[in-house]
Every structure is written in C-alpha cells, then in structure tokens.
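Architecture at a glance
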Amino acid sequence: MHAYRSHHCSQLRKENVGQTVRLSGWVYRKRDFGNLLFIDLRDHYGISQIVVERDSPAFALAESVRSESVIMVDGRVTSRGAEAFNENLPTGEIEVRATSIELLSEAADLPLPVFGNAEYPEEIRLRNRFLDLRREKLHANIVLRSKVIASLRRRMIDQGFTEFQTPILTASSPEGARDFLVPSRIHHGKFYALPQAPQMFKQLLMVAGFDRYFQIAPCFRDEDARADRSPGEFYQLDFEMSFVTQEDVFAAIEPVLHGVFEEFSGKKAVTPPPFPRIAYKESMLKYGSDKPDLRNPLEIADVTEVFRGGGFGVFAKAIEEGAVVRAIPAPGAGTRARSFFDGTNQWAKDEGYAGLGYINFKGGEGGGGVAKNLGPERVALLVQQMKLGPDDGVFFACGPANTVAKLAGLARTRVGQELDLIEKDTFKFCWIVDFPMFEYDEVEKKVIFSHNPFSMPQGEMEALNTMNPLDILAYQYDIVCNGIELSSGAIRNHKPEIMYKAFELAGYDRSVVDEQFSGMINAFKFGAPPHGGSAPGVDRIVMLLADEPNIREVILFPMNQKAEDLMMGAPSEVSPRQLKELGIKLVNDGPKQP
RNA sequence: GGGGUCGUAGCUCAAUUGGUUAGAGCACCGGACUGUCGAUCCGGAGGUUGCGGGUUCGAGCCCCGUCGACCUCGCCA
C-alpha cells in the first residue's frame with residue numbers, strides 16, 4: 001500500500017466494491033449520528049464519502065476531527081444501496097467503510113469556511129488565499145486558467161509559432177505606463193525596469209530572423225487597479241510575425257481565439273472567423289466606445305442635422321458652437337413610465353454630463369419637450385433616419401463630439417441593460433481597426449501619439465509628409481470581446497526614416513529617438529523585416545470564460561486595490577544592509593505608521 | 001489625488017428608523033441520535049456596533065472627523 005493513498009477522492013466506482021483502499025484528503029463536511037458518522041473527504045480531484053461506525057477503531061478520531069483537517073483513511077469500498085445513491089457525485093454509488101483514520105494535519109478554527117458558495121469579504125479571502133483556493137469555484141477557475149494557457153500554447157505551436165523567454169530585468173522606457181524599477185547593486189544610482197510588455201524584444205526577435213514568436217508573457221505596469229485590471233502584473237499571449245500584413249495577423253490569431261473560446265465556453269456561441277472589422281471612427285459613432293459590446297444590438301446615430309437650426313433651442317444653439325447630437329434608440333420603451341426617461345436623464349447628470357433629452361413615442365406620436373419644440377416635420381425626419389417604431393423611445397446627447405460619444409456609449413449600455421436587450425450566452429468578437437496615429441492634446445496644446453508610437457502609419461512616409469497629422473491612420477488594431485479589450489496590436493514601423501519622421505511630428509528630435517530607443521532603431525538599420533503582432537490578455541480571456549466580473553477570481557495570488565499582497569505582506573520594508581548595498585537612502589522615515 | 005458604496009460576533013446578515021439586557025443562521029464547544037449527503041434536535045460560549053469626537057434624558061441608527069475595503073475618474077503609449 002502506498003504511504004498516503006491507493007486512489008484519489010474521485011476515483012472509486014462500484015467496480016471497486018470489496019477492495020481495500022487508502023484515501024487521503026481534507027475533511028470537507030461531517031455528518032454525525034452518534035453511533036454512525038459520515039465524512040466527505042475532498043482532494044483536488046473530488047469527493048468520496050467515508051462511513052465510520054461506533055465499533056470501528058477509527059471512530060474516536062473521526063468524531064473529534066475538525067473540518068479542513070487532513071486525514072488518511074484506510075477502509076473497504078462498499079456499495080451504498082440504491083436508495084442512498086448520491087447522483088451529484090461521480091463516486092455517489094460507493095462509500096469507504098473506515099477501519100482506521102490517521103490525522104495527518106489538524107486544522108484550527110477557520111477564518112473562512114471552505115464549504116458552500118457564500119460570498120466573503122475580499123480582504124479575508126486574500127489574507128487566507130490558501131483556504132479560498134480550496135473552495136470549489138476558485139479552485140475550478142484556476143484549473144480552467146491552466147487549461148486555457150495549455151490550449152493557447154498548443155494552438156500557437158500548431159500554427160508554427162515558437163515560444164521564447166525574454167528578459168524580466170530590462171531598461172526603463174520613456175513612453176507608456178509607469179515602470180516598476182529595480183535598483184542595481186553594481187551600478188549605484190541606476191535601475192532596471194520590469195517589462196511593461198516584451199515589445200522591443202519581440203520586434204528584435206523578428207529582426208533576428210525568428211519569423212513567428214509567441215510567449216505567455218508576464219507584464220508589469222505600476223498603475224492603479226480596476227475590476228478587470230490587476231495592479232502590478234498580468235499575463236499576455238504575446239506574439240509577433242514577420243512579412244505580414246494586418247490581415248495576416250488577424251488570420252493567424254482568429255482561429256486560436258475562436259478555438260480556445262469554443263473549447264472552454266460550454267454551450268455559448270462564439271463569433272466565427274473572420275471577426276467583424278470596425279473602424280475606430282465608426283465604433284466611436286455607433287457604439288460610443290472603442291471597445292463595443294456587440295451583444296448589445298443598439299446603435300447610436302448622429303442626428304446633428306435634424307436639430308441644426310431647429311426649434312429645440314438648447315441643442316440648436318450648441319450646434320452653432322460646434323456641438324454634435326447623438327441619438328440612442330430605446331426600442332419599445334415609448335410606453336414606459338415617465339420615470340424611465342427622467343431616471344435615465346438623472347443618471348447622466350449623476351455621471352457628470354449635461355443630461356439626456358428624450359422623445360417617447362406612443363402610437364407614432366412623439367411626446368416630451370424635445371418633440372414639442374422640434375416640431376412634427378423634424379421629428380418625422382428623425383423617425384425616418386433612425387427607423388424608429390411607433391412605440392419606441394429615443395435619447396439625445398448633445399455637446400463636443402468626444403464627450404458626447406462617451407455619454408452616448410454609456411447610455412447605450414444602460415438602455416440595453418434596462419430593456420434587457422443584451423444577448424446572453426454568446427461571445428461576440430470584433431476588431432477595432434484604423435486607429436488614428438496622432439491626436440491633439442488639449443492640455444499640452446500639441447500633437448501626441450495616440451497609441452503606439454511604433455505602429456506603421458497608413459500611407460507610410462508619403463502620409464507623414466503630406467497629410468494633416470491628425471488625419472493619419474495607423475495599422476493599429478484592438479481585439480474586443482463582449483465589451484472587453486483583449487489586446488492591442490499593430491503592424492510595426494520597421495523603417496528608421498519613417499520612425500524619425502513620426503517622432504518629429506510628435507515633437508521629438510532625431511537624437512531623442514536615437515537615445516531612448518537605441519536598441520531598436522539601431523537594429524532596424526541592419527535589415528528589418530516588415531512585421532506585426534498583438535498580445536491578447538490571458539487573465540481577461542480566462543475571466544470571460546469563467547464568467548467572472550473580477551480579474552482577481554482568475555488569479556492565484558492577486559494583490560488588493562492598493563497593490564498589496566496581504567498574505568505575503570508585500571510590499572515590505574527591507575533591512576538597512578540591503579539598502580546600503582544598493583546605495584539607497586530613504587528620504588523620510590519610511591512608510592507611514594498606522 | 002477626486003467621486004460613490006459599505007463597515008454590527010470568526011463569517012453571512014438583522015435590530016420595528018433615536019428608546020429596556022444588540023438578535024438569528026453558519027462556524028466553534030458540550031449533549032442526544034445508525035443512513036446522511038446544507039443531517040436533525042437540545043444547550044453553551046462568543047460584541048469597545050472600524051476608530052475619535054459631537055448633538056441628545058438616551059446613539060448601532062443623526063452630525064463632524066478619521067481609518068479601512070471595494071467600485072469608479074484620473075492613469076493604463
């Protein structure tokens with residue numbers, strides 16, 4: 001007999017009846033009848049029922065052992081008898097009649113119950129993560145994560161990609177997010193940075209001739225957390241390809257994502273390749289967002305012309321001053337109580353916007369102040385343009401284009417939810433393409449890169465030389481699923497002259513490029529293939545597949561919102577000796593005392 | 001750094017809206033019970049109502065401050 005177990009806890013079936021077995025695991029649940037008691041014994045694989053009777057030598061220990069203690073059980077497999085089958089358990093037809101039980105490790109009073117699906121405070125869960133991870137849902141999420149990563153690897157390798165590891169200690173980069181810095185012991189006053197992404201390395205791999213690279217890559221950014229954004233660190237399926245166009249990149253990754261979602265999504269439908277391509281500009285207009293949730297069928301329309309010079313004075317006047325009007329349809333909502341419309345307006349104000357106008361149609365007749373002032377002709381025009389039904393509602397947002405797009409997008413989401421229009425049990429993918437290369441920074445009063453400065457501008461050098469920078473598009477694309485941005489990627493700019501020119505338009509001197517991106521710009525001078533790639537977020541993929549609203553539910557040991565690991569006590573102070581070695585002197589007395 | 005929600009037993013929640021000794025379920029401890037699978041029944045222990053101040057005859061509840069958690073804006077090329 002093995003020292004700890006002959007079978008695991010989900011292994012025994014009625015074929016094993018009569019066998020002498022040894023099981024080890026945690027005491028999940030105990031049901032004590034005084035002269036007879038049951039233990040649900042749990043391990044990673046599942047649950048087996050242990051029966052102990054008064055006359056068994058194991059009885060005394062079974063009676064006193066606490067939940068979540070680790071025990072080893074010797075016994076004989078017996079059939080439960082038809083009326084005592086538990087159909088919810090794979091092992092539900094058998095039980096193990098214990099002849100002896102050994103306590104391998106005793107559990108103290110639990111700060112967090114393992115049994116049951118109740119919700120518990122984040123702080124307690126994080127502090128006792130090892131207990132939390134024993135719980136069914138979280139345990140399953142982490143196993144799912146592992147399987148998803150294994151599947152991604154297999155699918156990438158099948159597509160001819162090769163996995164490489166890139167450095168974790170690297171150089172700080174001037175663009176992008178805030179870096180995590182690591183002080184150098186050998187070079188006092190100098191710092192390594194943890195990579196925000198292996199961006200430059202993967203591009204250098206292309207220059208080095210490796211053709212198709214991927215990596216399940218850890219990425220580090222010192223930015224604040226969100227529900228879908230872990231503070232500090234996260235993982236990406238980072239990949240890059242040589243001699244490709246944007247469509248080649250899409251064609252390579254679509255089957256991987258579609259395949260992995262099909263494999264793990266249960267019965268949910270998954271957008272088949274090719275995924276819809278939506279231009280950034282169109283997405284901002286129709287969905288009020290660059291990460292549209294296509295499960296929501298509502299589409300926003302620009303109705304500025306309907307209101308221009310019209311009788312609804314507030315809007316007409318704003319339009320003269322450059323404002324636009326966007327309309328959000330609310331199908332079938334026309335007959336809803338006025339509180340629905342006023343409530344939505346109030347919500348918009350609470351969000352910090354000017355508010356939302358509305359028309360509620362009843363039997364084709366437009367109601368409310370907007371319709372009254374606008375007049376029947378223009379209302380008819382609106383109905384025609386938006387193809388509104390006789391009992392529809394419609395909301396209006398008016399203001400500067402950027403602000404209004406955002407408000408309209410939020411309103412689209414809210415109205416879709418309120419009217420229960422969001423399609424369920426489906427994963428809707430799309431590509432957002434044609435991002436602008438540059439944008440105007442209102443605060444700094446200058447042209448800046450709008451996303452990745454290393455993207456190839458569409459039209460290349462000619463566009464940079466001849467076009468208004470703000471009109472230049474980039475070969476830059478995001479992949480979006482159900483309103484969640486999974487990744488951004490680009491066809492890279494592999495030509496030094498175009499790179500210098502692009503940076504020049506953003507106000508950077510040639511020498512700045514040479515200094516700050518020397519590794520890459522230098523490499524590009526010795527024969528760089530055209531290349532591009534992307535990097536879907538692994539945590540977010542698992543989050544979608546596990547149907548979890550919070551990214552911490554798919555990460556083994558996540559940090560809290562303040563980027564602390566409550567279990568390990570990170571970040572922590574270090575010894576004076578460590579600081580001295582690094583040549584670091586703390587300016588104040590260190591962390592604030594509580 | 002700004003905004004929002006919350007904070008009562010180890011955990012999940014309640015307390016008739018300012019009124020007697022702050023209750024219940026789970027967990028824990030003790031007792032009863034031979035077929036349960038959220039076992040059941042009886043009993044026990046467990047509280048500085050996050051902390052500090054104020055208003056009041058009286059505060060878990062109202063006011064001010066503070067601390068903490070989460071959500072969010074900024075930020076995330």
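Attention in this report is confined to the structure presented alongside it. (Residues numbered from 1 in each chain as written. Chains lettered and ligands numbered in written order. Predicted model: local features only at pLDDT ≥ 70, side-chain atom pairs only at ≥ 80, totals over all residues. Heavy atoms only, no water.)

Overview of the packing of helix α4 (residues 136–158) against helix α18 (residues 538–545)
Using the following cut-off: For helices, the axis comes from a line fit to the C-alpha atoms of the stretch in contact; other axes are also lines fit to C-alpha atoms, and the angle between any two N-to-C directions lies between 0 and 180 degrees. A helix here means a DSSP run of H or I that spans at least four residues, while a strand means a run of E at least two residues long, and both kinds are numbered starting from the N terminus. When describing relative orientation, an angle under 35 degrees is termed roughly parallel and one over 145 degrees roughly antiparallel, while 65 to 115 degrees is termed roughly perpendicular and anything else oblique. In this scheme, a crossing is called left-handed if the near helix is turned counterclockwise away from the far one by less than a right angle; it is called right-handed if the turn is clockwise. Contacts are assigned to residue pairs with any non-hydrogen atoms lying within 4.5 Å of each other. For this scheme, ten residues count as nonpolar: Ala, Val, Leu, Ile, Met, Phe, Trp, Tyr, Cys and Pro. Four count as charged, namely Asp, Glu, Lys and Arg, and the remainder, Gly too, count as polar.
Close contact between α4 and α18 brings their axes to 10 Å; oriented N to C, the two are set at 120°. With respect to each other, α4 and α18 are oriented oblique. Seen from above, α4 lies across α18 with right-handed handedness. Residue-level inspection shows Asn141, Leu144, Arg145, Val148, Ile149 and Leu152 of α4 in contact with α18, the latter providing Val538, Asp539, Ile541, Val542 and Leu545. Here the contact of α4 with α18 is built from residues that sort into eight nonpolar, one polar and two charged.

Some words on the sheet that holds strand β6 (residues 162–163)
Operational definition: Here the rule is simple: two strands pair whenever DSSP picks up at least two bridges between them.
Pairing is mixed across the open sheet formed by eight strands, whose spatial order is β6-β9-β10-β24-β23-β22-β19-β12. Each having just a single partner strand, β6 and β12 (277–279) make up the two edges of the open sheet. Bridge analysis of strand β19 (residues 429–433) against strand β22 (residues 476–481) gives four bridges, and the strand direction is antiparallel. What sits directly across from Ile432, in β22, is Asp478.

Focus: the sheet that holds strand β1 (residues 20–32)
Read around the closed barrel, five strands run β1-β2-β3-β5-β4, paired in mixed fashion. Shown here is a sheet whose adjacent strand axes are inclined to one another by a mean of 55°, direction ignored. Relative to strand β5 (residues 94–105), strand β3 (residues 47–53) is paired through two bridges, and the arrangement is parallel. In the sheet register, Ile50 faces β5, and the bridge partner there is Val96.

With respect to the packing of α4 against helix α6 (residues 246–264)
Interaxial distance between α4 and α6 falls to 10 Å at its minimum, and their mutual angle equals 145°. α4 and α6 meet at a crossing whose hand is right-handed. Counted together, Leu144, Lys147, Val148, Ser151, Leu152, Arg154, Arg155 and Met156 of α4 and Ile253, Pro255, Val256, Gly259, Val260, Glu263 and Phe264 of α6 form the full contact between these two elements.

Points about the environment of Asn16
For clarity, the threshold we go by: N or O atoms closer than or at 3.5 Å make up a polar contact, with two conditions inside protein: a donor-capable atom paired with an acceptor-capable one, and, for residues adjacent in sequence, both atoms drawn from side chains.
Within the fold, Asn16 resides in the segment before β1. Sequence-wise, Asn16 and Thr78 are 62 residues apart; in three dimensions their C-alpha atoms are separated by 8.1 Å. Ignoring sequence-local partners within four residues, the contact set of Asn16 consists of His7, Gln11 and Val77. There is a polar contact of 2.8 Å between the side chain of Asn16 and the backbone nitrogen of Arg13.

What about the nonpolar core?
Applied cut-off: Definition used in this section: a nonpolar core is a set of buried Ala, Val, Leu, Ile, Met, Phe, Trp, Tyr and Cys residues joined via side-chain atoms within 4.5 Å. Any residue under 20% of the maximum accessible area for its type is buried, any over 50% is exposed, and the rest in between are partly exposed; the area is computed with a 1.4 Å probe on protein chains only.
Formed by 65 residues in total, the largest nonpolar core has its most connected members in Val148, Leu237, Phe261, Phe429 and Phe438. Of all the elements, α6 adds the most residues to this core, at nine residues. Discounting chain neighbours no more than four positions away, the residues touching Phe429 are Leu257, Phe261, Val270, Thr271, Phe275, Pro276, Leu294, Ile479, Val480, Cys481 and Leu486. Ranked by size, the runner-up nonpolar core spans 22 residues in total, among them Ile319, Phe361, Ala371 and Val394.

Thoughts on the protein's contact with RNA strand B
Put simply, the rule is: Distances are taken per atom, and a residue is near a molecule or strand as soon as one of its heavy atoms is within 4 Å of it.
Not every one of the 46 residues close to RNA strand B is listed here, only the nearest: Asp32, Ala84, Tyr120, Glu223 and His451. For RNA strand B, the fraction of atoms within 4 Å of the protein that belong to sugar or phosphate moieties is 51%. Arg66 places a side-chain nitrogen or oxygen 3.2 Å from a phosphate oxygen of RNA strand B. For RNA strand B, a base oxygen lies 2.7 Å from a polar atom in the side chain of Arg229. Those elements that place two or more of their residues in the surface near RNA strand B are β1, β2 (36–42), β3, β5 and α2 (122–127). Counting residues per element, the surface near RNA strand B draws most heavily on β1, at three residues. For the surface near RNA strand B, the per-class residue count stands at 13 nonpolar, 12 polar and 21 charged.

Details of helix α10 (residues 338–350)
This is how it is decided: To estimate the expected span of a helix, count its residues, drop one, and scale the result by 1.5 Å. Our arc is simply the arc of the directions from the helix axis toward the C-beta atoms.
Relative to the 18 Å expected for 13 residues at 1.5 Å per residue, α10 spans 18 Å between its end C-alpha atoms, a close match to the ideal helical length. Inspection of α10 places Phe340, Phe341, Thr344, Asn345, Trp347 and Ala348 among the buried residues, and these make up the whole buried set. In an axial view of α10, the angular spread of the buried residues amounts to 155°, which keeps them on one side of the axis. Exposed residues pointing more than 90 degrees away from the buried face of α10 are listed as Arg338, Ser339 and Asp350.

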